[in-house]
Amino acid sequence: AWAGVLLTCVSVCGKGMVRVKRDWIIPPIRVLENSKQVPEDLVQIKSDKIFTGEVIYKLEGPGVDQEPKNLFEIDDKTGVIRSKRPLDREKYNSFTLKAFALSPSGERLENPTTIEIVVLDQNDNRPAFIRSQFVGTVSEFSVPGTSVMSVSATDADDPMTENAYLSYSIIGQESIPANAVTKTMFGINNQTGAIYTRDVGLDREVVKGFRLKLQVADMGGMGLTTEGVAIIHVSDINNHAPQFDPALYRMTAVENRQDYEIGRVNVTDRDEPGTGNWEAKYFISNDPNGNFAITTDRATNQGILKVQQPLDYEAQSEYVLTLTVENANALSNKAPNLPVSTARVLVTVVNENEAPHFREDPINVVVLESVSPGTLLKSNIAFDPDNSVLRYEISRDPERWLDINRDTGDILAKRTFNMRSPHVKNNIYTAAVKVTDADGVSTTATVVITLKETNDFPPVLFPLSGSVCSSVRQSSGLVVSAVDEDLPPHAAPFIFEMVDYLSLNWTIIQVNDTHAVLQPVMQLEAGEYVVTVMVSDSGSPALSSFYQVNVTVCLCDAFGDCKSEVGAILGSSVGLSFIALVIIMARYFYNIHNAFNIDMLWNPHDVPPTLGSYHPGSGVPRGKQPLRKDTPHNLPSPIYPRRPSADPTDIEDYINDGLEAADNDPNVPPYDTALIYDYEGDGSLAGSLSSITSGSSDGDQDYDYLNDWGPRFQKLANMYDPR
């Protein structure tokens, strides 16, 4: 078992060590912080077992091999534990260590024993106020003992010792302004730091505040000290009633006017400006009809007297008003007991020529936008109190839609209104009229005209052309829509209908309020069709319009897109014009020669825009011109043959000349490169090449001349052989 021996005077181990079975319990070792006697022996430990060999002592734990390291050590032969450096209780107030007894080979000879070291406090920290300056408020005329505020301080020393036992005191007092009060007005509880009033005489009109010099000391007031500051403001109470100055006023008021200022009254109040104790509230005690009103100017505290209801000189030419005043806050019971201050105001009414009056302002008119010119919109709009002759005029009418009778004031419609005018906002058009009496006194009023929408325009259908697949399974139909110049409720929703006897093979399906889909009800041959559609709006009564939609029915590929122009033309039953044949033949020879660009069949200056480029929705591809690699580019192009004569027998020579020019043109695509095409979008004004037709059917055409054009046209001749 362990045996412990106390070796130093500063280390106190209690009454002694206690034997528990074969182990010794070592009481806590107390070490004074900031000790200058270092290194200092604290305690010696030793095993009371008998060993034949040497015993080695080891020590582990915070302060040894754990942070903070190197504060303690043990003599491995004697078992003496000592401190190596001064200790700081404010950082570490205790340490718990483990001691071991080992054989030279490292074998543990005893169970480890616990060594607890407690650091004893010294008064090495001054107390400190928690704020650099404390601020409080106390009401004026507070009685002695009134709580004002509390101050507080802290001390880093051990709170369980006298080193942190604090005591508060006031060591100085200054009044604001200086020397306004010289007697001691405040005390402090030395234990809690609570500041309170000690005497009477806190009058805000005399003193605005105090600056107290504070002190806090530890050791119950006998130790280390620190000074602080407390600022105490004296707050105002309503101990002064407002007083009129002067008590009599004379003012004038013009008849027939209202809500305007006729004069001001003044009061004095010694309470703090800008507060409810100072702010005045004025009252008129003898105005039963409410002709006058009085309010407070917050900046000056003056009473503003106004005429609230128009005065009539002929009815009453003079008024004597009695005013009273009080504060916004209730008067304190510490205020002098004085009667409520009053003032008299003599108001003289001034006679004047009264201006004409409109019976309503604004003058409201509700009318249809399609009102007929000359329609009466409003009458009897004004009168004159003096029964003077009146003259009327339109003072503002940006669209010149109105007229007025100069003598009677009847407002008339000068022309039909237009809802789409920029001067109409939210269906409201605003004008102004002026009336003038015989003395030249005039009045103006606003005319507010609310326009009611009428159904003036039928809906317009668009687009009026498009294409669909000939196969019903592939066709998704042609989407059509409508617009209407009218505003709701005379526009959408629209109703799309078919005229049965005009379009038997077609139907139209409503999609929503503004769109519908035009579809064939059966599989149709490829070609051009004219479908009649009727569209109606939702007006009352509704307006309808008929439109003929040009629909191209085309052969579609597996993706539902129209096939190439040549395939569509050859697959249709309609006839071919001469220009269509030229296009077909040009593309035919391009496939044979693999180097001919259809755009070069004619001189570029002779090509119409609709054939020389692609337009959205036209279905005509636009060729991209890749550079040739077999010849230098950017060389001048050869001269292409001009447009052929009307005689078809010259077409073979014309095409051969064109092919030869293309062969020698470095700016056209190379021989082994096919043309590249792009889709440019919907909405082109140009039509599809597939829709180029002659004015007659195949039966009216004679294609025997194709046999005379040579072997290259034999295939076309066979296709259009009447046999």
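Residues numbered from 1 in each chain as written. Predicted model: local features only at pLDDT ≥ 70, side-chain atom pairs only at ≥ 80, totals over all residues. Heavy atoms only, no water.

The protein chain has the name Cadherin 15, type 1, M-cadherin (myotubule) in an unreviewed UniProt entry, where Echeneis naucrates is given as its organism. Of the comments in the UniProt record for the protein chain, the one headed Function (unreviewed entry) reads "Cadherins are calcium-dependent cell adhesion proteins." (UniProt positions renumbered as here; feature names shortened; annotations may be inferred.)

### A short note on the confidence of the model for the protein chain
Mean pLDDT over the protein chain stands at 80; residues scoring 70 or higher make up 75%. Segment residues 565–627: pLDDT under 50, and 160 contacts once partners within four positions in sequence are set aside and those in other chains are kept. For the stretch residues 671–681, pLDDT sits under 50, and the model shows 30 contacts to residues farther than four places along the chain or on other chains. (pLDDT = per-residue confidence, 0-100. Contact = heavy atoms within 4.5 Å.)

### A look at the pairing of strand β27 (residues 318–327)
Walk down a regular strand and you will see the side chains alternate between the two sheet faces. What you see with β27 is a clean split: Tyr319, Leu321, Leu323, Val325 and Asn327 sit on the buried side and Glu318, Val320, Thr322, Thr324 and Glu326 on the side with no burial. In the sheet, strand β24 (residues 280–284) pairs with β27 via 5 bridges, with the strands oriented antiparallel. For Lys281, the partnering residue across the bridge sits in β27 and is Glu326. In this sheet, strand β28 (residues 342–350) lies alongside β27 in antiparallel orientation, the contact comprising 7 bridges. Considered in β28, the bridge of Thr324 is made with Thr342. (Buried < 20%, exposed > 50% of the residue type's maximum accessible area, 1.4 Å probe, protein only. Helix = DSSP H or I, 4+ residues; strand = E, 2+ residues; numbered from the N terminus. Pairing = 2+ DSSP bridges.)

### Regarding the sheet that holds strand β12 (residues 134–139)
The strand order across the open sheet formed by 4 strands is β12-β19-β18-β15, and the pairing between neighbours is mixed. At either margin of the open sheet sits one strand with a lone partner, and together these are β12 and β15 (167–176). Averaged over all pairs of adjacent strands, the angle between strand axes in this sheet comes to 25 degrees, irrespective of strand direction. With 9 bridges connecting them, strand β18 (residues 209–217) and strand β19 (residues 225–235) associate as antiparallel partners. Paired with Gly209 across the two strands is His233, which belongs to β19. (Axes fitted to C-alpha atoms, helices over the stretch in contact; angles between N-to-C directions.)

### Overview of the state of the cysteines
Applying the stated criterion to the full structure yields 2 disulfides. Paired through a disulfide, Cys469 and Cys556 show a sulfur-sulfur distance of 2.0 Å. Here Cys469 and Cys556 share a disulfide; its torsion about the S-S bond, -100 degrees, makes the bridge left-handed. In this pair, Cys469 sits in strand β40 (residues 465–469) while Cys556 sits in the loop between β46 (544–554) and α1 (565–571), placing the two residues 87 residues apart along the sequence. (Disulfide = S-S within 2.5 Å.)

### Some details on the sheet that holds strand β21 (residues 248–254)
The sheet built from 4 strands is open, its strands ordered β21-β28-β27-β24 with mixed pairing. Each having just a single partner strand, β21 and β24 make up the two edges of the open sheet. For this sheet, the mean inter-axis angle between neighbouring strands, taken without regard to orientation, is 30 degrees. Bridge count for β21 against β28 is 7 bridges, and the pairing is parallel. Looking across to β28, one finds that Val254 is bridged to Val350.

### Some words on unusual backbone geometry
Residue Glu67 is joined to Pro68 through a cis peptide bond whose omega torsion reads -5 degrees. Locating Pro68 in the fold gives a position in the loop between β6 (56–60) and β7 (72–74). Across the junction of Ile176 and Pro177, the peptide omega takes the value 0 degrees, indicating a cis bond. Position of Pro177 among the secondary structure elements: in the loop between β15 and β16 (186–188). One non-glycine residue, Asn70, lies in positive phi territory at about 65 degrees. Not every positive phi belongs to a glycine, and Phe141 is a case in point at roughly 65 degrees. Positionally, Phe141 belongs in the loop between β12 and β13 (147–150). The class of Phe141 is partly exposed, set by a relative accessible area of 30%.

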